[in-house]
Amino acid sequence: MVQIRSIEAIPLSFRLPEGKTVRLGVGATTKRDAIIVKVVSDDGVIGYGEAHPGRSPGAIVSLIHNTLAPMLTGLSVHDTNSVWTRVNRMQLSSHGLGAGAALALSGIDMALWDLRAKSLGIPLYSLLGGSRKPIAAYAGGISMGFQAPDALAEEAQSYVDRGYRAVKLRLGDNPKDDIARVQRVRTQLGDQITILVDANTSYSVSDARAVLPSLEDCKVAWLEEPFGCNDFGAYRQAAQLTKGVALAAGENHYTRFEFARLIEERAVSILQPDLSKSGGISEGLKIAAMASAWGLPVHPHSSATGINHLASIHFLASIDNGGYFEACVSAFNPLRDMFGSPFSIDQEGFVQPSTAPGIGLEIDESVFTKFPFIDGPGYLVKF
């Protein structure tokens, strides 16, 4: 039995240049953080995953090093069910750190899948039972924030010029300005480009009521996270306000159990688990299977580095209800490209998974020294 020899969390940060912040519904970005998780087997194979920093990266790193690594070292690298069971019993369901444990587990689980596929010499999508197929992508990440409508339209057009056939705009400023921005972008891009919008949990039901008619007029495909992740009542109310704009959520929901409630509440029609947050690839597969039984699509949220981006593409290539890949087009995110460009988009707006073994990135750990860790949240908070 090949066992887990060691688990290490490597926090990285990048401070945004002065004046280069992006304003969103949750505040203005000041830095980018990422946590790389390195798992080594006792036969020397190395897998890499990504754990979301959760606006408290030092806490997630400490949890991995001081709690989860001692708990999981010695388990079989193939026994992801036992990894889940231990973390669930000792953290997720009993006197643990809840969402923080889900973030930490996500990086470990992702690294194990990378390690296992590498040990077999096959790409991750093959191990997951998928195939190399084109996946539609949209221009997302921390981009297209609160700015003048003409400047926003120009930015959105630049992504279409690169091949994207869908873009995601940020709402949550105020209904009047939100509507003006969406209308200007629709005028710029025409009717052939899909527009998605994300309020980053900043709306009230009244705000949603104010913007949804205009979003319908602009043929917006979905309104993402208008409310907080636990405000199921608001989601139910908003679902009654529109027939033309789907409600989407999931990047702030953790494990299959929270997604089960999200589905059972009939609060949203699009699910967006993040593989670096919701419990990893193993849990993502369970969430996707559950969603498939309800006829719901999965459009995963993706995070900072190329590890999570590529893992998300492999994941989408391996499920029967996969939707868009969220491509980070942030102008100031060198963490995305520190191992080379993780994905390329063709002129039809599609990406494909890597055919290299594992997730498909060659990790040069010497690069980590370029991104010294800066603890603390990465946003100027908006209230």
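Residues numbered from 1 in each chain as written. Predicted model: local features only at pLDDT ≥ 70, side-chain atom pairs only at ≥ 80, totals over all residues. Heavy atoms only, no water.

## Things to note about the overall build of the chain
This is how the line gets drawn: Where helices and strands are cited, they refer to DSSP runs of H or I of at least four residues and of E of at least two residues respectively, numbered from the N terminus. Only C-alpha atoms enter the radius of gyration, while the globule expectation follows 2.2 Å times N to the 0.38, with N the number of residues. For each residue, the accessible area found with a 1.4 Å probe, counting protein chains only, is set against the maximum for its type, and the residue is called buried under 20%, exposed over 50%, and partly exposed in between. In this description, contact between two residues means that some pair of their heavy atoms is separated by no more than 4.5 Å. This count recognises Lys and Arg as positive and Asp and Glu as negative, with His and chain-terminal groups excluded. Charged groups are reduced to one reference atom each: NZ for lysine, CZ for arginine, CG for aspartic acid, CD for glutamic acid.
Within the chain, the secondary structure is distributed over eleven helices and 14 strands. Compactness check: the chain gives a C-alpha radius of gyration of 20 Å against a globular reference of 21 Å for 383 residues, within 12% of the reference. Across its three principal directions, the C-alpha atoms of the chain cover 60 × 40 × 40 Å. Counting the 383 residues in the chain, one finds 58% classified as buried. Summarising the internal contacts of the chain: among those between residues at least 6 apart in sequence, 75% fall at separations of at least 24. The distance from the centre of the 34 positive side-chain charges to the centre of the 39 negative ones in the chain is 2 Å.

## Digging into the pattern of salt bridges
Heads up, the rule is: Salt bridges are counted wherever a side-chain nitrogen of Lys or Arg sits within 4 Å of a carboxyl oxygen of Asp or Glu.
What the rule picks out here adds up to 14 salt bridges. Where Glu326 meets Lys168, a salt bridge forms, and the shortest distance between an N and an O atom there is 3.3 Å. A residue pair is termed long-range when its members are at least 10 positions apart, and Glu326 in strand 12 (residues 325-328) and Lys168 in strand 7 (residues 166-170) qualify at 158 residues. Among the ionic pairs, Glu265 bridges to Arg261, the shortest N-O distance being 3.1 Å. Three or more residues joined by partner-sharing salt bridges are found here, namely Lys168, Arg170, Asp198, Glu224 and Glu326.

## Examining the packing of aromatic side chains
For the record, the criterion: Stacked, edge-to-face and tilted labels apply to pairs of Phe, Tyr and Trp rings (six-membered ring for Trp) whose centres lie within 6.5 Å, assigned for plane angles under 30 degrees, over 60, and everything in between, in that order.
By the definition in use, this model includes seven aromatic pairs. Considering the side-chain rings of Tyr138 and Trp222, the 5.8 Å spacing of their centres and the 85 degrees angle between planes classify their relative orientation as edge-to-face. Within this pair, whereas Tyr138 is found in strand 6 (residues 135-140), its partner Trp222 is found in strand 9 (residues 220-224), the two being separated by 84 residues in sequence. The same class applies to Tyr138 and to Trp222, which are both buried.

## Examining the environment of Ser76
Residue position: Ser76 is located in the loop between helix 1 (57-72) and helix 2 (80-92). Taking the C-alpha atoms as reference points, Ser76 and Phe373, 297 residues apart in sequence, are found 31 Å from one another. If we skip the residues at most four places from it in the chain, Ser76 touches Met1, Val2, Gln3 and Ile4.

## Focus: the sheet that holds strand 4 (residues 31-41)
We apply this condition: Pairing between two strands requires that DSSP report at least two bridges joining them. Fitting a line to C-alpha atoms yields each axis, with helices limited to the stretch in contact; the angle taken between N-to-C directions then spans 0 to 180 degrees.
Judged by pairing direction, the sheet is antiparallel, and its three strands sit side by side in the order 1-4-5 without closing on themselves. What marks the edges here is a single partner per strand, and that holds for strand 1 (4-15) and strand 5 (46-51). Neighbour-to-neighbour, the strand axes of the sheet open up by a mean angle of 25 degrees, direction not taken into account. Across eleven bridges, the pairing between strand 1 and strand 4 is antiparallel. If you follow Pro11 over to strand 4, its bridge partner there is Ile35. Against the sheet, helix 1 contacts strand 1, strand 4 and strand 5, and its axis sits at roughly 175 degrees relative to strand 1. Each of strand 1, strand 4 and strand 5 is contacted by helix 3 (residues 99-120), which is oriented at about 150 degrees to strand 5, the strand it contacts most.

## Side note on the packing of helix 1 against helix 3
This is how the line gets drawn: Note on angle classes: values under 35 degrees are labelled roughly parallel, values over 145 roughly antiparallel, values of 65 to 115 roughly perpendicular, and the remainder oblique. Rotating anticlockwise by less than a right angle from the far helix to the near helix defines a left-handed crossing, while the corresponding clockwise rotation defines a right-handed one. Nonpolar residues are Ala, Val, Leu, Ile, Met, Phe, Trp, Tyr, Cys and Pro. Charged residues are Asp, Glu, Lys and Arg, and all others, Gly as well, are polar.
Interhelical geometry of helix 1 versus helix 3 gives an angle of 65 degrees and a closest axis separation of 10 Å. By the angle class used here, helix 1 and helix 3 are roughly perpendicular. For the crossing formed where helix 1 meets helix 3, the hand is right-handed. Residues Ile60, Leu63, Ile64, Leu68 and Leu72 of helix 1 form the contact with helix 3, whose own contacting residues are Gly100, Ala101, Leu103, Ala104, Leu105 and Ile108. When its residues are assigned to classes, the contact of helix 1 with helix 3 shows ten nonpolar, one polar and no charged.

## As for the environment of Asp109
Where we set the bar: Definition of a polar contact: a pair of N or O atoms within 3.5 Å, with one able to donate and the other able to accept a hydrogen when the atoms are protein atoms, and with sequence-neighbouring residues admitted only if both atoms are side-chain atoms.
Topologically, Asp109 is positioned in helix 3. Since its relative accessible area comes to 3%, Asp109 is described here as buried. On a C-alpha basis, the gap between Asp109 and Ala291 in space is 21 Å, while along the polypeptide they are 182 residues apart. Leaving out residues up to four positions away in the same chain, Asp109 has contacts with Thr80, Gly279, Gly280, Ile281 and Ser282. A polar side-chain atom of Asp109 sits 2.6 Å from a polar atom in the side chain of Ser282.

## Section: the environment of Phe227
Its place among the elements puts Phe227 in the loop between strand 9 and helix 8 (232-239). Once the C-alpha coordinates of Phe227 and Val205 are considered, the two residues, 22 residues apart in sequence, prove to be 8.2 Å apart. Leave out the neighbours within four places in its chain, and Phe227 touches Thr201, Tyr203, Ser204, Val205, Ala208, Ala234, Tyr235 and Ala238.

## A word on helix 8
Our working definition: Taken from the helix axis, the directions to the C-beta atoms give the arc we talk about.
For helix 8, the complete set of buried residues consists of Phe232, Ala234, Tyr235 and Ala238. In a view along the axis of helix 8, the buried residues occupy a sector of 160 degrees, so they form one face of it. Where the residues of helix 8 are buried, they touch helix 7 (205-217), strand 10 (246-249) and helix 9 (255-264).

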